[in-house]
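Structural overview for review
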Amino acid sequence: MRRAKVASPPLPFTTCLPAMSTASPCIDICKFDSETGFCIGCLRTRDECKTWKKMKDKHRRKIIDDRSRRERKLNR
């Protein structure tokens, strides 16, 4: 007597997705400093905020890694 093949359960959907992209640092303050042009909440420029979704992760990472320098510049 042959046993019927039992299909293994499908993999969860999340395992099929690419690695998560860099999340936005936005904290919903969205007020820009007139001297530096940086948002006082996330420390990005207006242009960086507008184009965040279209940026490559490498560029997003550079912006996030630059936060400490931007914060020092903002607090002068």
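None of these values were measured; they are calculated from a predicted model.

The rules we used
Residues numbered from 1 in each chain as written. Predicted model: local features only at pLDDT ≥ 70, side-chain atom pairs only at ≥ 80, totals over all residues. Heavy atoms only, no water. Helix = DSSP H or I, 4+ residues; strand = E, 2+ residues; numbered from the N terminus. Buried < 20%, exposed > 50% of the residue type's maximum accessible area, 1.4 Å probe, protein only. Contact = heavy atoms within 4.5 Å. Phe/Tyr/Trp six-rings, centres within 6.5 Å; stacked < 30°, edge-to-face > 60°. Lys NZ or Arg CZ within 6 Å of the ring centre and 35° of its normal. Patch = residues over 30% accessible without salt bridge, like charges linked within 9 Å, V, L, I, M, F, W, Y side chains within 5 Å. Areas by Shrake-Rupley, 256 points an atom, 1.4 Å probe, with all protein chains shown as cover. Salt bridge = Lys/Arg side-chain N within 4 Å of Asp/Glu carboxyl O.

Things to note about the environment of Cys26
Tracing the sequence through the fold places Cys26 in the segment before helix 1 (46-51). Overall, Cys26 belongs to the partly exposed group, its relative accessible area being 33%. Taking C-alpha positions, Cys26 is 9.1 Å from Cys39, a pair spaced 13 residues apart along the chain. Apart from the residues lying within four places of it in its own chain, the contact partners of Cys26 are Cys42 and Arg44.

Considering the packing of aromatic side chains
A full pass over the atoms with the stated rule returns zero aromatic pairs. Positioned above the aromatic ring of Trp52, the side-chain terminus of Arg44 is 4.8 Å from the ring centre.

Topic: a nonpolar patch on the surface
There is a patch of nonpolar side chains on the surface, built from Ile27, Ile29 and Ile40 and spanning about 260 Å² of accessible area. Note that Ile40 resides in the segment before helix 1. Overall, Ile40 belongs to the partly exposed group, its relative accessible area being 45%.

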